[in-house]
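Letter by letter, the chains look like this.
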Amino acid sequence: MTDRKGVFITLEGGEGTGKSTQLKLLSQTLTEAGIANITTKEPGGTEIGQELRRILVTGDKDKCDAVAEALLYYADRRIHLTTKIWPALEKGCWVLSDRFADSTVAYQYYGYNKRISQEMLDDLYRMSVGKFKPDMTILLDIDPRIGLERSLKKAQGMSVKETRHESRGIEFHNNLRAGYLEMAAREPERFVVLNADKSIEDLHKDIVKNVSERFGLSLCRK
Ligand code: TMP
């Protein structure tokens, strides 16, 4: 991208952390403060991405391996960046994304117990994203047993079951949680880690406080 005028914030975490709800609430709070923003997600933030999302998050957990998954997530990401994220940031709009590249490291690298190499993921990042990074990453942390229960309960009411990753064993989810925490510890200037095992309102307050502090704003909460 050429010139970033907006701010790029990503929300990360395992299953059932409430990311999408929190993203909507943060977006509302920013809009009320007069900050133009869009919300988006990975996979599936674009039309082609929606098709990739169907492949990636539904069906048999073993239908493709970690390398194929990483390639597909990066195809989704590249389209997402070039057609949605970068154009919005160039216009000065803030972009709030439910997941970004940290998800690939957490799921395809740590989740699969490092069955693919970190170098491969670094190469994919360099090729597809370059030096671009989120300005802030909010990691919503929760015990995977609680998160998975929430997530599977939510999926019960849905016609299309997006539970391909939920169906992996608890070890996969414990690994990816530990991986996220390691990543956050390596880049404390970008990450903030918040306990997601609390009410929607309390978690929103924590997020608003951290975003306000990080960007020198005085955001008010409803
Ligand atoms: P979500 O919209 O509920 O977060 O679902 C997206 C699923 O895709 C979730 O299980 C995490 C997974 N995922 C990866 O495995 N790697 C990635 O790079 C991304 C963006 C998501």
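Within each chain, residue numbers correspond to sequence positions counted from 1 in written order. With pLDDT at 70 or above as the cut-off, local features in this predicted model cover only qualifying residues; side-chain atom pairs require 80 or more to be listed or tallied, and sums for whole chains, interfaces and linings still use all residues. To get the side-chain values, all heavy atoms of the structure are used, and hydrogens and water are removed first.

1. A word on the pattern of salt bridges
Moving on, step 1. The working definition used for a salt bridge is a side-chain nitrogen of Lys or Arg within 4 Å of a carboxyl oxygen of Asp or Glu. According to the stated counting rule, one finds 18 salt bridges in the structure shown.
Moving on, step 2. Taking the shortest distance from any N to any O, the salt bridge between E42 and R77 comes out at 2.6 Å. In this pair, E42 sits in the loop between strand 2 (37-41) and helix 2 (47-57) while R77 sits in helix 3 (residues 66-90), placing the two residues 35 residues apart along the sequence. An identical accessibility class is assigned to E42 and R77; each is buried.
Moving on, step 3. R190 serves as the salt-bridge partner of D102, at 2.8 Å between the closest nitrogen and oxygen. Within this pair, whereas D102 is found in helix 4 (residues 101-111), its partner R190 is found in the loop between helix 7 (170-186) and strand 5 (191-195), the two being separated by 88 residues in sequence. Of the two residues, D102 and R190, neither departs from the other in class, the shared state being buried.
Moving on, step 4. Within the structure, one salt-bridge network assembled from shared partners comprises D102, K133, E187 and R190. Runs of E in the DSSP output that reach at least two residues are strands. Runs of H or I that reach at least four are helices, and both are numbered from the N terminus. Relative accessibility under 20% of the residue-type maximum defines a buried residue, over 50% an exposed one, and the middle range a partly exposed one, all with a 1.4 Å probe and only protein chains included.

2. With respect to the packing of helix 2 against helix 3
Moving on, step 1. Two numbers describe how helix 2 lies on helix 3: the axes approach to 9 Å, and their chain directions differ by 160°. With respect to helix 3, the axis of helix 2 lies roughly antiparallel. You can see that helix 2 and helix 3 cross each other, and the crossing is left-handed. Residues I48, G49, L52, I55, L56 and V57 of helix 2 form the contact with helix 3, whose participating residues are E69, L72, Y73, A75, D76 and I79. Note on geometry: axes are lines fitted to C-alpha atoms, helical ones only across the stretch in contact, with angles between N-to-C directions running from 0 to 180 degrees. Comment on the angle field: the value is read as roughly parallel under 35 degrees, roughly antiparallel over 145, roughly perpendicular from 65 to 115, and oblique elsewhere. Whether a crossing is left-handed or right-handed is set by the direction in which the near helix is turned from the far one by less than a right angle, anticlockwise for left-handed and clockwise for right-handed. By the convention used here, residues are in contact when the closest approach between their heavy atoms is within 4.5 Å.

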